[in-house]
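# Per-entry structural report
Listed below, chain by chain, are the residues.
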Amino acid sequence: MAIRLLIDTDPGIDDALALLLAFRSPECSVEAITTVAGNVGVERSTLNAFRILEAAKPSRAPVVGRGADKPLARSLVSAPHVHGDDGLGNLGELREADGSLRYPKPRLALSPLDGPGLILDTIDRFPAELVLVALGPLTNVALALQRDARRMALLRRVVIMGGAVGVPGNVTPAAEFNFYVDPEAAAQVLASGLPVELVPLDVTQSAILPRSVLEQRLAMCPDPLARFITDMTQRGFQFAEEIGEGGITLHDPVALGIALAPSLTHFESLHVAVECEGALTRGVSVADRRAIPVGRKAPATCRVARWLRTDAFLDLFLNRLCPASS
Ligand code: BDR
Ligand code: CA
């Protein structure tokens with residue numbers, strides 16, 4: 001039976017790659033997408049979700065709900081320097097030789113439900129079956145919990161890209177972006193008792209996609225999606241070069257990959273909490289990794305992905321996005 005997914009997302013170049021991976025994966029069915037403010041504001045992240053749907057043309061289009069326009073208790077911090085001003089490498093500005101827009105603005109056929117409402121509604125459609133994959137700040141997930149924690153308890157799994165457990169942060173020395181943007185939401189979700197599988201920077205940052213590898217693969221795959229991927233990733237590769245990395249870090253695709261194939265990682269049950277107060281430590285994920293008897297620690301709040309079978313993940317990712325035979 002297909003894994004039924006709801007993807008909560010702030011596209012975002014790596015979010016877009018994760019969505020494409022999901023649409024190209026026969027073992028899952030994307031039932032709904034909820035958008036959230038994060039890499040870009042929620043208007044843009046919603047527009048981007050429709051741009052990605054337009055490019056991917058999944059056989060069964062998921063319902064899309066616009067979610068929170070700002071974190072629970074703070075103003076939004078976004079990441080245009082990483083993802084471009086529009087969140088997708090500014091591909092909305094690209095034009096064909098005749099002057100027409102290469103990617104015209106898509107029609108936004110939105111659910112009448114907001115993001116948290118659509119999460120709850122999708123749980124009602126697939127109780128005890130739905131897997132929620134959260135790829136942005138956890139604002140929508142926390143709001144859904146505040147509205148109805150009992151229904152949220154019917155989620156089968158909650159796979160979250162976020163946090164930095166044993167490595168430095170990527171937005172401050174200590175914090176990972178998604179947790180930094182909405183630490184209160186991350187703290188609530190981790191304390192909720194939901195079956196959280198945390199996919200932190202510790203594992204996602206090992207999945208680097210070099211420009212040459214993607215170019216080589218896309219050249220072998222005469223697929224209309226290839227041009228979209230090429231256009232969207234230019235800004236991502238540029239940013240990687242600016243900060244001295246060897247390619248785009250596939251944070252969100254790794255979380256999606258683990259949602260599809262948990263054997264890509266090894267989980268450790270840990271008590272993880274999120275710091276909301278600290279001036280230097282806003283959004284830090286604090287995992288109790290002390291070598292003391294388990295009974296002397298607070299109970300685990302989640303299962304944390306501790307390493308990644310990187311080559312197996314990259315094979316899966318490239319074979320799905322750029323199938324050599326297509
Ligand atoms: C996370 O931050 C965002 O910029 C990415 O989309 C990813 O979800 C990585 O820290
Ligand atoms: Ca994201």
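Look up a bit, the structure's there.
Note that the structure is a prediction, hence the values are computed from the model and not measured.

Moving on to the packing of helix α12 (residues 251-260) against helix α13 (residues 310-321). The relative placement of two packed helices is expressed as an angle between their axes plus a distance between the axes. Running from amino to carboxyl end, α12 crosses α13 at an angle of 95°, the nearest separation of the two axes being 11 Å. If you check the angle between α12 and α13, you find them roughly perpendicular. The residues of α13 that touch α12, namely those facing P253, V254, G257 and L260, are F313, L316, F317 and R320. The class makeup of the residues in the contact of α12 with α13 is six nonpolar, one polar and one charged.

This brings us to the site of ligand 1. Close to ligand 1 lie D14, D15, N39, H83, L135, M161, N170, E176, F177, N178, H251 and D252. Between L135 and ligand 1, the recorded distance is 3.0 Å, taken from a backbone N or O atom to an oxygen atom. Within the side chain of N170, an N or O atom sits 2.8 Å from an oxygen atom of ligand 1. Bound to the protein, ligand 1 loses 96% of the 290 Å² it would expose on its own. When contributions to the shell around ligand 1 are tallied by element, the ones reaching two or more residues are α1 (13-23), α7 (177-181) and α12. Across the shell around ligand 1, the residue classes tally to three nonpolar, five polar and four charged.

What follows deals with the pattern of salt bridges. Think of it this way: side chains of opposite charge can pair up when their charged atoms draw near. Applying the stated criterion across every chain, the model contains 20 salt bridges. Across the salt bridge formed by E27 and R320, the nearest N and O atoms sit 3.0 Å from each other. Taken as a pair, E27 in the loop between α1 and β2 (28-35) and R320 in helix α13 lie far apart in primary sequence, 293 residues in all. Overall, the relative accessible area of 27% leaves E27 in the partly exposed class. For the salt bridge of E268 with R306, the shortest nitrogen-to-oxygen distance reads 3.0 Å. Here E268, found in strand β9 (residues 265-270), pairs with R306, found in strand β12 (residues 302-308); they are 38 residues apart in sequence, far enough to count as distant. Judged by relative accessible area, which is 23%, R306 ranks as partly exposed. Here the salt bridges do not stand alone but share partners, grouping R4, E31, R60, R125 and E129 into one network.

The rules behind the values
Residues numbered from 1 in each chain as written. Chains lettered and ligands numbered in written order. Predicted model: local features only at pLDDT ≥ 70, side-chain atom pairs only at ≥ 80, totals over all residues. Heavy atoms only, no water. Axes fitted to C-alpha atoms, helices over the stretch in contact; angles between N-to-C directions. Helix = DSSP H or I, 4+ residues; strand = E, 2+ residues; numbered from the N terminus. Parallel < 35°, antiparallel > 145°, perpendicular 65-115°, else oblique. Contact = heavy atoms within 4.5 Å. Nonpolar A, V, L, I, M, F, W, Y, C, P; charged D, E, K, R; others polar. Near = heavy atom within 4 Å. Polar contact = N/O pair within 3.5 Å; in protein donor to acceptor, adjacent residues only side chain to side chain. Areas by Shrake-Rupley, 256 points an atom, 1.4 Å probe, with all protein chains shown as cover. Salt bridge = Lys/Arg side-chain N within 4 Å of Asp/Glu carboxyl O. Buried < 20%, exposed > 50% of the residue type's maximum accessible area, 1.4 Å probe, protein only.

Shape is all these values report; function is a separate question.
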